Amino acid sequence: QVQLVESGGGLVHPGGSLRLSCKISGTLFLINAWYRQAPGKERELVADITRGGRISYLDSVKGRFTISRDNAKNTVYLEMNSLKPEDTAVYYCNGRQTYGDYWGQGTQVTVSS
């Protein structure tokens with residue numbers, strides 16, 4: 001079975017850091033990505049990484065967030081630094097295949113003083 005399980009969300013102060021993890025099982029993905037969705041807003045792509053290691057970021061997180069993958073652990077990470085209140089959202093791990101997408105359940109990130 002295909003599973004993507006996120007962890008690492010929580011409450012942090014502005015300027016703080018958080019590392020999200022996405023443990024993957026059951027398949028190999030062409031692309032893994034982190035999305036986020038804030039209340040009342042559409043889900044947006046934050047960062048993605050291809051199987052070959054090519055990476056891209058949402059402009060507003062460039063220089064602050066880092067997506068990475070540990071192949072041995074089959075886990076994708078999102079390291080978030082210099083967090084801002086506007087980063088508050090539910091963060092979702094995504095895996096894409098030619099035949100469709102798989103999603104984790106999401107992990108809440110709240111940035112507040």
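Above: the structure in question.
The rules behind these values
- Residues numbered from 1 in each chain as written.
- Predicted model: local features only at pLDDT ≥ 70, side-chain atom pairs only at ≥ 80, totals over all residues.
- Heavy atoms only, no water.
- Disulfide = S-S within 2.5 Å.
- Helix = DSSP H or I, 4+ residues; strand = E, 2+ residues; numbered from the N terminus.
- Buried < 20%, exposed > 50% of the residue type's maximum accessible area, 1.4 Å probe, protein only.
- Salt bridge = Lys/Arg side-chain N within 4 Å of Asp/Glu carboxyl O.
- Pairing = 2+ DSSP bridges.

### Here's the deal with the state of the cysteines
Overall, the coordinates contain one disulfide when judged by the stated rule. Here Cys22 is linked by a disulfide to Cys93, with a sulfur-sulfur distance of 2.0 Å. The sign of the S-S torsion, about -85°, decides the handedness of the disulfide formed by Cys22 and Cys93: left-handed. With Cys22 in strand 3 (residues 18-25) and Cys93 in strand 9 (residues 89-97), this residue pair connects regions lying 71 residues apart in the sequence. Relative accessible area serves as the criterion here: at 0%, Cys22 is assigned to the buried category. On the accessibility criterion, Cys93 (0% relative accessible area) is buried.

### Re unusual backbone geometry
You will see that Asn74, though not glycine, has its phi angle at about 50°, which is positive. Along the chain, Asn74 falls in the loop between strand 7 (65-70) and strand 8 (75-80). Although it is not a glycine, Ser82 sits at a positive phi angle of roughly 50°. Relative to the assigned elements, Ser82 resides in the loop between strand 8 and strand 9.

### Brief notes about the pattern of salt bridges
Under the defined criterion, the tally for this structure stands at five salt bridges. The closest approach of N and O atoms between Arg36 and Glu44, which form a salt bridge, is 2.8 Å. Residue Arg36 is classed as buried on the basis of its relative accessible area of 6%. Residue Glu44 is classed as partly exposed on the basis of its relative accessible area, which comes to 27%. A salt bridge links Arg96 to Asp101; the nearest nitrogen and oxygen atoms lie 2.8 Å apart. Owing to a relative accessible area of 38%, Arg96 belongs among the partly exposed residues under this scheme. It is possible to trace a salt-bridge network through shared partners that takes in Arg36, Glu44, Arg64 and Asp87.

### What to know about the pairing of strand 8
Within strand 8, five of the six residues are buried, which leaves the element mostly enclosed by the surrounding structure. Relative to strand 8, strand 3 runs antiparallel, the two sharing six bridges. Pairing of Leu20 across the sheet is with Leu78, part of strand 8. As defined by bridge partners, strand 7 adjoins strand 8 across six bridges and the pair is classed as antiparallel.

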